[in-house]
Every structure is written in structure tokens, then in C-alpha cells.
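Fold and contact review
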Amino acid sequence: MPPPLEQQRLLTTAVPGPRSEALMARKSAAVAAGVGTTMPVFAERAGGGVVVDVDGNSFIDLGSGIAVATVGNSAPRVVEAVQRQVEAFTHTCFMVTPYESYVAVAEALNRLTPGDHEKRSALFNSGAEAVENAVKIARAHTGRQAVVAFDHAYHGRTNLTMALTAKSMPYKSGFGPFAPEVYRAPLSYPYRDDAGLSGEAAAARAIDVIEKQVGAANLAAVVIEPIQGEGGFIVPADGFLPALAAWCRANGVVFVADEVQCGFARTGAWFACEHFGVVPDLIVTAKGIAGGLPLSAVTGRAEIMDAAHAGGLGGTYGGNPLACAAALAVIETITEDRLVERAVEIEQVLLPRLRALQAGDDRIGDVRGLGAMVAVELVHPGSTEPDPELTKAVATAAHRRGVVVLTCGTYGNVLRLLPPLAISDALLTEALDVLADVLAESAEQPVARVLDLETTS
Ligand SMILES: *Cc1c(COP(=O)(O)O)cnc(C)c1O
């Protein structure tokens, strides 16, 4: 066992250091250019609330590898469970000779997801693969083809999920043609909607588009992130999701919640849809589910899930035994360590501090989020016009000061905070201090922005 990782921010070299620079040169020569990186540093170890790079720099982690290491990197129960499993067997293929851990993960998902109706689950490898399967299942159940997704949506990078995803650059541009029978409806985006537009009114606006442009009789599924991830951590107005779900129920349309990013304790509930009192027909999970091992799932009403014929769902690796062992350990860790409650505590550290910053800085247009999924939307002062250059400059400056922070948003103007739930309050506060400093400095030296454009995304 390596020694425990010091929970500290520590810079031993400039960022990136010489070893990372050398590896980045090898990456450029060996890895396809389409695979970008947020930061120019290479990881060596990670755990708790830090990522340590190959030069010995220790970064405070506000990204969790994009909401994956929710229980922390190499969390003790996950390490132990995977080690035990890797010695027993690594793969038999669940579709050939099944194993108990897959069934146990399905049972846990059926129990943990909202609603006390009878449920079934199926396991896959990636979030995109699970979203695709949710659509397959909804089509098999309804005998209909059309699917509705929303403005600002992100559902993945495969062909069908590119079609569901809203943003052209970088996700879709040049990669068409896209899957047919995918339609887009307007979202509830309180910061950018007309002032006072209620959630119910925003839902009526979306439903009107769906009824006029698609027709309920043709519609298999509505796919929505209860809190949008890549699109900008958009929390819909109260009433939006319930009205949409009620319309789906009344029209025999499968309501699919893509909780790949917002699920699994991230927002201070096991699933984000619980905040809105919505019980989805199908719920898609991935990212935080298995502590970094590749696993995803579709869980939902038994009569819908069982509509696909035997052999119609699956895949060689789906529900791999190492990933299932990890998922069971993640679920135990969230439960035993009370991480749902911890996510609420993290919100109570993040939001007041960010709102205080907002009060003194007219470039901060909006602060929003739930639990450990919180965002800052940056705009040109006195307007709601997005400021992606400032956003990128702040993120890059934070990286150089030892804080991993990600950006997102259709307009590229959102800083998103996704710390692991294993992070300490002290590290969180220190990271917020760094963000406050770089924001203050960027206000003093706006020209420095243009110098800070070397990393991708
Ligand atoms: C990341 C993400 C996906 C895609 O997951 P992958 O594992 O990258 O395929 C789908 N939906 C949402 C909401 C996501 O955040």
C-alpha cells in the first residue's frame, strides 16, 4: 500500500512542470488530436480531495474527473472490492456465464431510484451507451420512434447521443449525418428566460413545441437531464419537470431522466429528480456509479424495461465484474459515510461564499446548483452577455495556482464545481480563496486574458 496522500495544495514546479511537458509532447505525437485535455498536467496519484501530478504538484480537485470520483479517487472500499474481484475473475461476460454482483447492482439500483413500483435494470459501459439503450427500450415499449431532447442538452458522443446533444462545437461539428427522429424542445433556464417565467409556463412552452412539431402519437421518449451538466449546470424552475413528466404520463411517452452527471449523491439526494418530486419512467446512471470503473445503467419500470426481447440488450463488457464490485463498494461508501448529507454540507460551504463574491462582482451573472454540483455563470458587466474568454482565463489561472476547475455551458461561460464528496472543508475553502483571487486579478488586468489561451476546452 502506498502512503496516504497528503491533503494539501502544493506547487513544486510551474504548471505544467517539466515531466508533464514531456508527456504532453508524447501525447501530441501519439494520441489523436480530437482527444483534448482540460489541463496540460499528467496525473500520478489522486485521492480524497487532491490530484497529484507527475512533477509532484498537488492540486485541489474541484472536478472529480467530471463527476466520476464522487466517493473520492481510489476510495478504500472500492480498492479492496476491486482487488478481491480481480483475483477471482476479471470477465466471463454476463450474457455467457452470469455472476452475482451484476444482479446485486441491479437490485441496489432498483431499490435506490425513486418510486416504489416494480423495476428492472440493465448494465452497460458508458453514459452514452446507457442513453442509447434507454431510447431502444422506450421505442420497443411504445412502438413509436421519435425522441425529444432539450436545448443545452448533453447526452454523449456516439451517433444517437450526438443527435440528442445540443451543442455543435465541439461535440457534433463535422460528424454528421446524425440519427433521425430526434427533436429539440426549449428548456427552463431561469437565468436566461424572461423574468418571472414559471416552471409550469416553461413546460407549456416545451409541450407546445412537442405537440405541434412531433405529435405525441409519434413520440417514444422525452430525454432530459434533471439538472443539466455540460450545458451549464442549469437548474430548471420549480414545476418544469413535474409538468413535463405529467404530460408524458398522460400521453404514453416514456420520461427518461439522464442522471449520468447529476445522479449518485452528487446533488445532495441520491438522484437529482428527487429535488423536484419527479419519478422518471427510466433513469440513466453512469459517472459517479462505480468510482471510476466504467459502468452505466438503465433502471426503470419493469413493464417498460422488459419490452425489449432477449438478446436485444447487452454487450460484451456491460456490467463487467470489476465495475460491479466497485459499484457495490461505492453504494456502501455513500450509505455508510453519509455522503448524501455530505453533499448538502458542501453546498453550504460553496453557495454562500460564491454568492458573496457575486454581490461584489458584476461579472458574476448567476450562482446556482445543488449539493456538490455548483456553477458560476460569467457575463459582461451590466448585461447577460456570456464572457467565455474571462471564464477560460479564470480556469487557466486557477489551474496554475493548483486548483482543478472545469468550465461548461453552451456559451462556454460557466465555471463548474464538482468536488469529490471526500474533500475536506479546509481544502474547499482554500480552493474558493484561489478562485476569488484569480477573479480579482482578472478584473485588474483584463489584457492578461488573451495570453491564457493555450489549453483546449
Ligand atoms: C457525461 C455524460 C454523458 C455521457 O457519458 P459517457 O460515459 O461520457 O458516455 C451522458 N449524459 C450526461 C448528462 C453526461 O454528463
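Residues numbered from 1 in each chain as written. Predicted model: local features only at pLDDT ≥ 70, side-chain atom pairs only at ≥ 80, totals over all residues. Heavy atoms only, no water.

Per an unreviewed UniProt entry, the protein chain carries the name (S)-3-amino-2-methylpropionate transaminase and comes from Microlunatus capsulatus. Per UniProt, the comment on the protein chain under Cofactor (unreviewed entry) is "pyridoxal 5'-phosphate". Note on the protein chain: under the UniProt heading Pathway (unreviewed entry), the record states "Amino-acid degradation; 4-aminobutanoate degradation." (UniProt positions renumbered as here; feature names shortened; annotations may be inferred.)

Our next topic: the packing of aromatic side chains. Inspection of every chain in the model, using the stated rule, returns seven aromatic pairs. Taken together, a centroid distance of 5.5 Å and an interplanar angle of 80° make the contact between F94 and Y99 edge-to-face. By relative accessible area, F94 is classed as partly exposed at 22%. Plain terms: the ring middles of F264 and F271 are 5.8 Å apart, the flat faces sit at 85° to each other, and that makes the pair edge-to-face. You'll find F264 and F271 in the same group, each marked buried. The structure contains a cluster of three or more aromatic residues connected by ring pairs, namely F89, F94, Y99 and Y102. A cation over an aromatic ring shows up here: K172 above the ring of F178, its NZ or CZ 5.2 Å from the ring centre. (Phe/Tyr/Trp six-rings, centres within 6.5 Å; stacked < 30°, edge-to-face > 60°. Buried < 20%, exposed > 50% of the residue type's maximum accessible area, 1.4 Å probe, protein only. Lys NZ or Arg CZ within 6 Å of the ring centre and 35° of its normal.)

Moving on: the packing of helix 3 (residues 76–88) against helix 10 (residues 321–336). Remark: helix 3 packs on helix 10, axes separated minimally by 8 Å, with the N-to-C direction vectors making an angle of 155°. With respect to helix 10, the axis of helix 3 lies roughly antiparallel. Considering only the axes of helix 3 and helix 10, their crossing is right-handed. Residues R77, V78, A81, V82, Q85 and V86 of helix 3 pack against P321, L322, A325, A326, A329, V330, E332, T333 and E336 of helix 10. (Axes fitted to C-alpha atoms, helices over the stretch in contact; angles between N-to-C directions. Helix = DSSP H or I, 4+ residues; strand = E, 2+ residues; numbered from the N terminus. Parallel < 35°, antiparallel > 145°, perpendicular 65-115°, else oblique. Left-handed = near helix turned anticlockwise from the far one by under 90°. Contact = heavy atoms within 4.5 Å.)

Near the ligand, the surroundings consist of S126, G127, A128, Y154, H155, E225, D258, V260, Q261 and K287. For the ligand, an oxygen atom lies 2.8 Å from a polar atom in the backbone of A128. Within the contact set of the ligand, an oxygen atom lies 2.6 Å away from a side-chain nitrogen or oxygen of K287. For the ligand, whose unbound accessible area comes to 380 Å², protein coverage reaches 82%. In terms of residue class, the shell around the ligand is built from three nonpolar, four polar and three charged. (Near = heavy atom within 4 Å. Polar contact = N/O pair within 3.5 Å; in protein donor to acceptor, adjacent residues only side chain to side chain. Areas by Shrake-Rupley, 256 points an atom, 1.4 Å probe, with all protein chains shown as cover. Nonpolar A, V, L, I, M, F, W, Y, C, P; charged D, E, K, R; others polar.)

Right, let's talk about the layout of surface pockets for a bit. Looking at the second largest pocket, its volume works out to about 540 Å³. Every residue lining the second largest pocket is counted, 25 residues in all, and those nearest its centre are N73, S74, A75, P76 and V79. Ranked by the residues each element gives to the lining of the second largest pocket, the list is headed by helix 3, at five residues. The residue inventory of the lining of the second largest pocket, partitioned by class, reads 13 nonpolar, eight polar and four charged. (1 Å grid on protein atoms, 1.4 Å probe; cavity = no way out; pocket = protein on both sides within 12 Å on 5 of 7 lines; lining within 4 Å. Points joined across faces, edges and corners; volume = space filled by probe spheres on them.)

Attention shifts here to the sheet that holds strand 2 (residues 50–53). With respect to topology, four strands assemble into an open sheet ordered 1-2-3-13, the strand pairing being mixed. Looking at which strands have only one partner, the edges of the open sheet turn out to be strand 1 (43–47) and strand 13 (403–404). The sheet contact formed by strand 2 and strand 3 (residues 58–61) spans three bridges and is antiparallel. Each bridged residue has a counterpart across the sheet, and for V51 the counterpart in strand 3 is F59. (Pairing = 2+ DSSP bridges.)

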